[in-house]
Every structure is written in C-alpha cells, then in structure tokens.
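# Results of the structural survey
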Amino acid sequence: MNYIKIAWRNLWRNKRRTAITTASILFAVFFALFMRSFQLGFYDHMIKNAIESFSGFLQVQHIDYQDDPSLENTFICTDSLINSIENRNGIKAVVPRIEVFTLASSGNQTKGALVMGIDPEKERKLSNPENLLVRYRMTRDVMTALGKKSKLPLEIKNKLEFIKNNSYTNLSTIAIDMDIEEEDNQEFLDIIGETAEIPGRYLKQDDDGVLLSDRLAKYLKLFIGDTLILLGQGYHGTTAAGIYPVRGIVRLPNPELDNKVIYMNISSAQVFTGLKNRVTTLGINLDDNSEKNMLAYQELLNNQITDPTVVVKNWLEFNKVLKQQIEGDNQSGQAFMALLYFVIFFGIFGTVLMMIHERKREFGVLIAVGMQKTRLAIIFVYEMFLMGMLGVLSGIVISLPFLYYYHVNPIRLRGDLAQIMENYGFDPVMPLQWIDMYVLWQGLIVAMMVVFACLYPLRKVVTLKEIDALRV
Amino acid sequence: MKVIEIKNVVKIYNDSEVQVHAVNGIDLSFEEGEFAAIVGPSGSGKTTLLNMLGGLDNPTEGDILINGFSVSEMYNGIEKHRSRISPVLKTIFRITIIPAVIRGIVKLPDIVKRMKAERKLIDFRLNNIGFVFQSYNLLPVLTARENTELVMQMQGVSKEMREKRTKELLGAVGLGDRLDSRPSRLSGGQQQRVAVARALASKPRFILADEPTANLDSKTTENLLDIMEQLNKMEKITFIFSTHDARVVRKARRVITIEDGKVISDKKTA
Ligand SMILES: Nc1ncnc2c1ncn2[C@@H]1O[C@H](COP(=O)(O)OP(=O)(O)O)[C@@H](O)[C@H]1O
Ligand SMILES: [Mg+2]
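The structure contained in this document is the topic of the report that follows. (Residues numbered from 1 in each chain as written. Chains lettered and ligands numbered in written order. Predicted model: local features only at pLDDT ≥ 70, side-chain atom pairs only at ≥ 80, totals over all residues. Heavy atoms only, no water.)

### As for the packing of helix 6 (residues 144-155) of chain B against helix 7 (residues 159-172) of chain B
Residues and elements named next belong to chain B. Inclusion rule: Simply put, an axis is a line fit to the C-alpha atoms, just over the touching stretch for a helix, and the angle between two N-to-C directions goes from 0 to 180 degrees. Starting at the N terminus, helices and strands are each numbered in turn, a helix being any DSSP run of H or I of at least four residues and a strand any DSSP run of E of at least two. Angle categories: roughly parallel below 35 degrees, roughly antiparallel above 145, roughly perpendicular from 65 to 115, and oblique for all the rest. Handedness of a crossing follows from how the near helix is turned relative to the far one, being left-handed for an anticlockwise turn of less than a right angle and right-handed for a clockwise one. Note on contacts: a residue pair qualifies if any of its non-hydrogen atoms lie within 4.5 Å across the two residues. Gly falls in the polar group here, along with every residue not listed as nonpolar (Ala, Val, Leu, Ile, Met, Phe, Trp, Tyr, Cys, Pro) or charged (Asp, Glu, Lys, Arg).
Packing of helix 6 against helix 7 brings their axes to within 9 Å, and their N-to-C directions diverge by 130 degrees. Relative to helix 7, helix 6 is oriented oblique. The hand of the helix 6/helix 7 crossing is right-handed. Together, Ala144, Arg145, Thr148, Glu149, Met152 and Gln153 of helix 6 and Arg162, Glu163, Arg165, Thr166, Lys167 and Leu170 of helix 7 make up the contact between the two elements. Of the residues contributing to the contact of helix 6 with helix 7, the split by class is 3 nonpolar, 3 polar and 6 charged.

### Looking at the site of ligand 1
Applied cut-off: Proximity is defined per residue: if any heavy atom of the residue lies within 4 Å of a molecule or strand, that residue is considered near it. Here a polar contact means two N or O atoms within 3.5 Å. Within protein one must be a hydrogen donor candidate and the other an acceptor candidate, and residues neighboring in sequence count only if both atoms are side-chain atoms. Every accessible area reported is derived by Shrake-Rupley at a probe size of 1.4 Å, with residue values counting cover from the shown protein chains alone.
Near ligand 1, the surroundings consist of 13 residues, among which Arg471 of chain A together with Gly43, Lys46, Thr47 and Thr48 of chain B are the closest. More than one chain approaches ligand 1, the contributing ones being chains A and B. Side-chain polar atom of Lys46 of chain B to an oxygen atom of ligand 1: 2.9 Å apart, as the coordinates give it. In this structure, Thr48 of chain B approaches ligand 1 through a side-chain N or O atom, which is 2.5 Å from an oxygen atom. When isolated, ligand 1 has an accessible area of 560 Å², and the protein chains bury 72% of it. Contributing elements (two or more residues each) for the shell around ligand 1: strand 2 (20-31) and helix 1 (46-53) of chain B. A per-element tally of the shell around ligand 1 places helix 1 of chain B first, with 3 residues. Looking at the shell around ligand 1, its residues break down into 4 nonpolar, 6 polar and 3 charged.

### Quick word on the sheet that holds strand 4 (residues 61-66) of chain B
Adjacent strands of a sheet pair through backbone hydrogen bonds, lying either parallel or antiparallel. Residue and element names in this part refer to chain B. Going by this rule: By the convention used here, strands pair only if DSSP detects at least 2 bridges between them.
In spatial order, the strands read 2-1-4-5; together these 4 strands make up an open sheet with antiparallel pairing. The sheet is open, and its two edges are formed by strand 2 and strand 5 (69-70), each paired on a single side. Taken strand by strand, helix 1 contacts strand 1 (2-13), strand 2 and strand 4, and its axis lies near 125 degrees from that of strand 1.

### Looking at a positive patch on the surface
Operational definition: Residues with no salt bridge and a relative accessible area higher than 30% make up the patches, which join like charges within 9 Å and nonpolar side chains (Val, Leu, Ile, Met, Phe, Trp, Tyr) within 5 Å. Any carboxyl oxygen of Asp or Glu within 4 Å of a side-chain nitrogen of Lys or Arg constitutes a salt bridge here. His is not counted here, nor are the chain ends, while Lys and Arg score as positive and Asp and Glu score as negative. One atom stands in for each charge, and that atom is NZ of Lys, CZ of Arg, CG of Asp or CD of Glu.
On the surface, Lys360, Arg459, Lys460 and Lys465 of chain A together with Lys90 of chain B cluster together into a positively charged patch. Here Lys465 of chain A lies in the loop between helix 18 (437-462) and helix 19 (466-470).

### Observations regarding unusual backbone geometry
As a rule of thumb, non-glycine residues mostly have phi less than zero, and peptide bonds are mostly trans rather than cis. Rules: Working definition: with a 1.4 Å probe on protein chains only, accessible area under 20% of the residue-type maximum means buried, over 50% means exposed, and in between means partly exposed.
At Asn128 of chain A, a position not held by glycine, the phi torsion is positive, near 35 degrees. Checked against the element boundaries, Asn128 of chain A lands in the loop between helix 4 (120-123) and strand 5 (136-137). A residue is classified by how much of its surface remains accessible, and Asn128 of chain A, at 18% relative accessible area, is buried. Located in the positive-phi region is Lys236 of chain B, a residue other than glycine, with phi close to 50 degrees. Residue placement: Lys236 of chain B occurs in the loop between helix 9 (218-234) and strand 8 (238-243).

### A few points about the interface of chain B and chain A
Interface size is often expressed as the accessible area that is lost when the parts come together. Quick reminder of the rule: When two components associate, each loses some accessible surface as probed by a 1.4 Å sphere; the sum of these losses over both components is called the buried area.
Facing 29 residues of chain B, the contacting portion of chain A comprises 25 residues. Counting each side, the surface lost to burial between chain B and chain A is near 2,500 Å², with a carbon and sulfur contribution of 58%. Of all residues in chain B, the largest losses of buried area upon contact with chain A belong to Ile122, Val141 and Met154 of chain B, amounting jointly to 21% of the total for that side. There are 3 salt bridges connecting chain B and chain A. The partner of Glu466 of chain A in a salt bridge is Arg125 of chain B, with the nearest N and O atoms 2.8 Å apart. Contributions of two or more residues to the side of chain B that touches chain A are made by helix 5 (108-128) and helix 6 of chain B. It is helix 5 of chain B that provides the largest number of residues to the side of chain B that touches chain A, a total of 7 residues. A class-by-class count of the residues in the side of chain B that touches chain A yields 15 nonpolar, 5 polar and 9 charged.

### Observations regarding the packing of helix 16 (residues 373-408) of chain A against helix 18 of chain A
Residues and elements named next belong to chain A. Axis separation between helix 16 and helix 18 bottoms out at 9 Å; the angle between their running directions is 155 degrees. In this view, helix 16 runs roughly antiparallel relative to helix 18, as classed from their interaxial angle. Judged by the twist between their axes, the crossing of helix 16 over helix 18 is right-handed. Residues Lys373, Leu376, Ala377, Phe380, Val381, Met384, Phe385, Gly388, Met389, Val392, Ile396 and Leu403 of helix 16 form the contact with helix 18, whose participating residues are Tyr438, Val439, Gly443, Val446, Ala447, Val450, Cys454, Pro457, Leu458, Val461 and Val462. Residue composition of the contact of helix 16 with helix 18, by class: 20 nonpolar, 2 polar and 1 charged.

### Quick word on the sheet that holds strand 6 (residues 129-132) of chain B
Residue and element names in this part refer to chain B. Strand order in the open sheet formed by 6 strands is 6-7-8-3-9-10, with mixed pairing between adjacent strands. Each end of this open sheet is capped by a strand with a single partner; those strands are strand 6 and strand 10 (262-268). On average, each strand axis in the sheet is inclined to that of its neighbour by 15 degrees, with strand direction left out of account. Both strand 3 (residues 35-39) and strand 9 (residues 254-259) contribute to a ladder of 4 bridges, which runs parallel. Bridge pairing in strand 9 places Ala36 opposite Arg254.

### Re the pattern of salt bridges
Residue and element names in this part refer to chain B. Inspection of the entire model under this criterion finds 37 salt bridges over all chains. Taking the shortest distance from any N to any O, the salt bridge between Glu149 and Arg162 comes out at 3.2 Å. Separated by 13 residues along the polypeptide, Glu149 in helix 6 and Arg162 in helix 7 bring together distant segments of the chain. Comparing Glu149 with Arg162 shows no difference in burial state: the two are buried.

As structure tokens, this is what we get:
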C-alpha cells in the first residue's frame, strides 16, 4: 500500500467537495489561459498590423526626426547604404521611404493626407501595398445591380446588407463578412465579384501615378484614372505641388491610415518635395522578430552607421503609443488574473482546512498507533498536489481545443465592438495566440498556490497533539 | 517480568477554572501475559490512566515505566525544547508573518530536537504498544487487510512477512473471508476485530483497549472478548482494557476498580 495510493483514495472520500474544488481550479486555469491567449494574440495582431507590415521593426532616421518629423530632419540615403544593410544575414527587408503631410484635393474636396514615397519593388517585402489593392467595391449602384440578379438566392441577397459600402481585396473576406461558406457559395461569390469589380493596378518602378487609400478616395470622390492634386511644403520651405493620376485604390487594415495614405514612387516624392536623394526613414524587417534579436540588430546597425546625425531606432522607441497601449493592457490583464487566482486560492485553502478539521480524530489514531507526523504530512501534501494537478491538467486539456479553434479561426467583430476597435486604429479581428510557455506558467502558479494553501494546515498536522485529536 | 510500572501517578487537568484530579495517586504494575480489566464509572479516570500507559499523555506527578522506559522522561525530552513565550508575544507572532518566520529560523535547532524526541516517542509506541479505541479505529479508505498491514509497513516489515501475518491475524479474529472489505462494509464488531488484529500486527509488548465494547451489543461483546482472550493465550500478549460493563468484567483474570482517580480494589480472579 503506497502512500500516494492512500492520498488518492482520501481524495475521493468526499467526492463532491473534491469535484467542486477541482472544478474551481479547472475554470480558473481555463479562464486564465483563454484571457491570456486573447491578450497575447491581440498584441501580436497589433504588432503585425502596425509594425511588421507597416513601419518595420527597426527604422533608420535622422537623429531629430522622431521629435520633429519634418523634411528638414531627413538624411541622404545612398544605394550603397541600402545594399550594405540588405546584404546582412537575418535582414528580411530594407525599404526607403519619404513620409510627408500635404493637402490632397479634388474638385471641391480637400483633406490632409500622408504621402508615402516608396520603392515599389522593395516595398513588396514590407508593407506590400499590392496586397492591399481594392478589387471589389460595394457601392450603391453595385448593390442595386446585385439586387436585380435573378441567379442570386434570396438568403444571399439578404446578407448583402452586411457588406454594403465596403471595399474588398478578395472574395474570401466578402464570404466571411456575409457569414457564408466560401466553398459552397463560389458561384454566387463570383457573381458578386464580377458585378463589384474595379480596375486598378500596383505602381510600376518608374510610375508617375499614385495609389489612394480607400477612405481617402471615397472622401475625395476620386476613382482610378482620375487626377489628384497635392499641395504642401517641401524641403527648405519651398512649395511642393503636383498633379498625379490615380492608378489604384488600396485598403489599409488600420482605418486611421486608410483615411490619409497616398502611395507614390519615391522618386516622384523626391521631386515633389525637392528632397533629391534624401529620405525620411529606412524601414527594416528582420527574419527573427524577437525583442532580443531586434535589439541585437539595432546595435549592430548603429555601429555600422558612422554619420552622427543618423540613428537606428526600434519600434518600442518610435511607436511609444503602441508600446504603452500594450503595456497598460497587459498590466490590467495581470491584475485581473491575480484577482481570479486570489479567489481560487481561498477556495483551495478552505477545502484544505475542512479536510484537516474533519480528519482530526483519524490523524490522532494514526499518530497514536505509530505513524510519524511527517509521513502524515506527506500523504496530505500528495492529496493536495493530486487535486491541484487534476484541476490544472484538466483545465489545460479542456482549453486546448478552444484555443486552437479560435487561433485558426479568429473572431471577426461586427457592429459596435468593431467600431470601437477601428476607432483605436485596428482591424476588428480577435485572434488567439496558440499555446506557449505561458501555459506552463499557469500550471506553476496553481502549483504554488497549492503549496501556500498547504503551509498552514501542514503546520497544524505537525503540531497536532494526538491526545487532543483523539478526544474529538 | 514487569511490563508496566505505575509509580504514584497523578494527573491534574488545569484547563478549566477548577482543577480536575483525573488520576489521583495510583500505584500499579502489570506482568507479562496479563488479561486485566480496569473498571469504574464514567469519569473515574480510566481513559486518562490508559492514555498515560500508552505514552499518549504525560503524568503531572509520578512516573510510568514501560518496558523500563520512563514516559515522563520521554515527554520531558520533548518539552525541554519547547520555547516558552508570553501569550502577548505569541499573538504578535501569529498575526505578523515576518517576525514569526525569523523566530522560526532562530528556533529551528530546538524545533528539530523536539521533533526528533517526538519521533522517538511515536516509534516507541509503534514498536511496543497496540491500541484499540472505542470507535473509528480504522482508516476508512483502507481495506481490513491494508489497515492491518499499515503498521507493519511503518515498521519496515517485508512484504511477504506482512501478508503472511495479516492473513494469520485476520483469520484468528474470524475475518479470513473479509480481507478486502473496507470498514464501511463491516459491522461494528467486525471493525473492532480488525482493530484488535491491527493492534497485534506490530508484535507489541501489550495492548491497551479503552472501552473496546462500548458500542457493541452483548453477543458481539462476548465474541470480541473470546477472541481477545484466545490471542492473549496464543500470542502470550498482555491485554489491558477498560470497561464499565459487568459482563466484560467477568472475562478478566484481574479486575482493577477505580473511582475518582484512585484504585479502590485490585483482584486476581484466576
Ligand atoms: N482534557 C481534559 N480536560 C479537563 N478535564 C478532563 C480532560 N479529560 C478528562 N477530564 C476529566 O477527568 C476526569 C476523568 O475522565 P476520563 O479519564 O475520561 O474518565 P473515564 O474514561 O473513566 O470516563 C473526568 O472528570 C473528566 O471530565
Ligand atoms: Mg473513558
């Protein structure tokens, strides 16, 4: 008869209580894992949106650019500088950019806009605007035309409401927004696609045209082939002005950017601003996105660049807003988890106390007939440990399918919630992070709680007076 | 040969407002192989006396020698390492964790010594004394066989020996066919018989049974006493049991009557 077996049987003496305690641990682990997955997945999502496919993890900038992002704080970017960085191992993309605010106008409409001068080929490796090209637009005319299509069944027509006024880069997203299965409805999606399709293409390497972000294009009432007028201030206070044909419309996942971005060839932007061979930033992406690697490359590149007016910054430095947003959210999440675990701790503690109290006489008998108190304590620890592990493991096992499902099928928000997220500047998607070391952490935290919950009762066992225990 | 010597033992309880002289000057001794009953009305001090005989409690005055070992001495070995502090300090330590931890560390050598002395006493009981209590003797999660084996396992007896002796003993108390039943499936009398088998399993010098038949009807009482008497003869083991039941008294070969913590008669009947 080994002592673990005794502990196991003891555990099931009061089946209901053990089940309730185990279940409380299970739910705590389940909620904690779920919440943590959401948080980590969401941070990941934000970083992908704002950093990986927009700004880059590292940026080469003029030393004063961050404090004063004007054209005066730009630097001369030679091909040899780009090449020397590009040719290093572990570098995924190096993209030169000019970012400048100007006024964009067409007809009676005028609006502040952000001109992004890019190298169309190089940019493919970072933000790849070609992927963002809008191919379908659900304008009022399109909706009316679709409403008349006799080939579309009524249920599909009813769901058209969900996509009204939106722009899409592909049919799959239309299917998701309409809440229909893509495979089963290919035929109808094709009809929708044909009706809503718009022309438009990506910039060629020496293109003199522009790509307009979707919302900006809607505001300016501009379409492919139309002409955009830009007016602003150039390098050294000169006047910048130009007329550009619209080549395509892009939909940026970040709605704030979707309201103001204009892509043009970097050489056009240099002419527009009078910057000649200068750029505002050089965005860099790495093969390995871990913070450690990012900091290592930052140092490496800073050592390489000898010009004292030029520095390499990482995204935590040049996007403090996002960094603080993540940190703040992370802290409140952890506080919530601490609270959750605190409550569970007292659940376990209560169970342990009851167990000790109920079995006092039994402990007295065992010690009287010759069982050492330390052995009794060990059996008791086994019991608590088994219960804790049962809760933790079943919590993890139950969580896994959910976590996996929502990891593969991120929740797409609709309605008000989606609006809130868009207002914060994010695509309204809630992806879950797949399991990671943090699962282990949850197990460890619960194991530690069990240990703490045992301390006081163990002291009770060790200081138990058998003569008093027998009198119960 | 004397197994137990009780020398002018007094036990006073102080924990209520009035002092209770539960045992009030008892001198007795027990020889090997005795089958003795301690008789007296409720509250006369039987349990108090038996607990001290079993090394479960410390006499206030006088001493008890078990196999020549002094119970008082063993308790003093524990008590002398117990640090005495004022109740006020004690409360402070209880509610403030850090000083309590520091104190715990400072007192660690004493705590270790005390625990060692306590371990010695528990091991002494394991190897020398068998206990049968009035009720709830057995671990409810263990079968009759496992309950009996447990003490031998704690003594470090080999598996084969344990199994052999368990079968023998449970056979002797008439439970050869209930080896794998848990206590909840056994009657009160059967449970007490398992308790007797367990008390014998460790091969103790004597067995103390505090009102072992108090919860049993007369037929099962008779049966349990017959078994105890048989084992007393077979295993040559000393049995000392307390009772206030006249039918039980008849079976005993020595009857010690106590009242108000004093021996008023001590008769050998056979
Ligand atoms: N822990 C205790 N504290 C105070 N008084 C006690 C305690 N244990 C027993 N007594 C008292 O000691 C006396 C003897 O009790 P006990 O030995 O249990 O008698 P018996 O077993 O013969 O019924 C009784 O008056 C009882 O109330
Ligand atoms: Mg009593």
